[in-house]
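One-letter residues, chain by chain:
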Amino acid sequence: MALKLNPTPLPSLQVSRYYIPAHNLIPNTSIQNKQLLHYHEVFPPSTLTASAIESHLTEVGVVEPQWRYTMYSTTHFHSTTHEVLCISQGKAKLCFGGEDNPGKVEKEVVRGDVLILPAGVGHRLLQDFTGRFEMVGSYPKGYNWDMCYGKTDEEAKVKNIGTLPWFERDPSMVTQAPCSKFNDRGTMRYMTAEVQFVFVLEV
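Treat the numbers as computed from the prediction; the structure is a model and nothing was measured.

## Quick look at the environment of H123
Then, in step 1: The residue H123 is located in strand β8 (residues 123-128) in this model.
Then, in step 2: Given the relative accessible area of 2%, H123 is considered buried.
Then, in step 3: Remark: the alpha-carbon pair of H123 and Y149, spanning 26 residues in sequence, is separated by 9.9 Å.
Then, in step 4: Here E83 takes part through its side chain, which lies 3.3 Å from a polar atom of the side chain of H123.

In structure tokens, the structure reads:
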């Protein structure tokens with residue numbers, strides 16, 4: 001039986017957020033204007049396993065775990081679904097947005113981190129620091145991933161991205177629920193007594 005995971009409390013959680021401009025035929029965040037989210041050390045690495053992550057995400061019930069693997073070393077994106085990547089082993093450097101994109105984002109990720117990738121965001125592995133980098137890949141219920149590479153015959157697929165619904169609540173958290181308060185930019189934020197959480201929801 002997998003160990004029960006306890007996510008980092010919201011007041012202590014560090015989250016990085018990025019808008020990435022379109023580049024060539026890779027749309028990145030330009031279609032839905034949803035940010036790439038990097039949650040740092042969501043899960044304590046001392047008790048973390050891929051099985052525990054899968055059990056946790058299943059309990060939350062927003063996404064379904066579909067695979068365990070590293071990240072491909074070729075830039076690709078998905079047009080049929082948003083993606084949640086939980087780092088279950090190792091440490092790696094990743095590139096988001098396309099290697100030649102002046103607005104690209106290069107990030108180091110470690111065991112326990114969570115990445116939320118909007119559909120259309122190009123991503124690839126740059127360097128596996130440990131030789132055993134592994135993620136649990138998960139997708140909203142009822143959705144399956146495809147593979148796109150920024151080619152001209154993918155234009156119809158790219159148009160589909162604009163029709164995809166965003167997450168109704170945070171896919172990695174169990175106990176926190178969204179408040180019914182919106183800021184002046186039309187986004188909803190998770191609230192606690194001490195911190196305003198950054199997971200942006202569709203109005």
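## Structural notes on the nonpolar core
Then, in step 1: One finds C86, V114 and I116 to be the most contacted residues of the largest nonpolar core, which totals 24 residues.
Then, in step 2: Mapped by element, the contributors of at least two residues to this core are β2 (36-40), α1 (50-60), β4 (83-89) and β7 (114-117).
Then, in step 3: At 5 residues, α1 tops the list of elements feeding residues into this core.
Then, in step 4: Other than its neighbours up to four places away in sequence, C86 contacts F43, I53, L57, D113, V114, E134, M135 and V136.

## Side note on the sheet that holds β7
Then, in step 1: Spatial ordering of the open sheet is given by β1-β2-β7-β4-β9-β3, a layout of 6 strands whose pairing is antiparallel. A single partner strand is all that each edge strand has here, and the edge strands are β1 (14-18) and β3 (63-69). In this sheet, adjacent strand axes meet at a mean angle of 20° when their direction is disregarded.
Then, in step 2: Strand direction decides the pairing type here: β2 and β7, joined by 3 bridges, are antiparallel. When the bridges of β7 are listed, L37 appears paired with I116.
Then, in step 3: Strand contacts of α1: β3, β4 and β9 (134-140), with the helix running at about 165° to β3, the strand carrying the most contacts.

## As for unusual backbone geometry
Then, in step 1: The backbone phi angle of N28 is positive, close to 55°, even though this residue is not glycine.
Then, in step 2: For N28, the location among the structural elements is in the loop between β1 and β2.
Then, in step 3: Under the relative-accessibility criterion, N28 is labelled buried at 1%.

## Concerning the packing of aromatic side chains
Then, in step 1: Summed over the entire model, instances satisfying the criterion amount to 2 aromatic pairs.
Then, in step 2: For the pair W166 and F167, a centre-to-centre distance of 5.0 Å together with 70° between the ring planes defines the contact as edge-to-face.
Then, in step 3: A cation over a ring is seen here: K91 above F129, with NZ or CZ 5.5 Å from the ring centre.

How each quantity is defined
Residues numbered from 1 in each chain as written. Predicted model: local features only at pLDDT ≥ 70, side-chain atom pairs only at ≥ 80, totals over all residues. Heavy atoms only, no water. Helix = DSSP H or I, 4+ residues; strand = E, 2+ residues; numbered from the N terminus. Buried < 20%, exposed > 50% of the residue type's maximum accessible area, 1.4 Å probe, protein only. Polar contact = N/O pair within 3.5 Å; in protein donor to acceptor, adjacent residues only side chain to side chain. Core = buried A, V, L, I, M, F, W, Y, C linked by side-chain atoms within 4.5 Å. Contact = heavy atoms within 4.5 Å. Pairing = 2+ DSSP bridges. Axes fitted to C-alpha atoms, helices over the stretch in contact; angles between N-to-C directions. Phe/Tyr/Trp six-rings, centres within 6.5 Å; stacked < 30°, edge-to-face > 60°. Lys NZ or Arg CZ within 6 Å of the ring centre and 35° of its normal.

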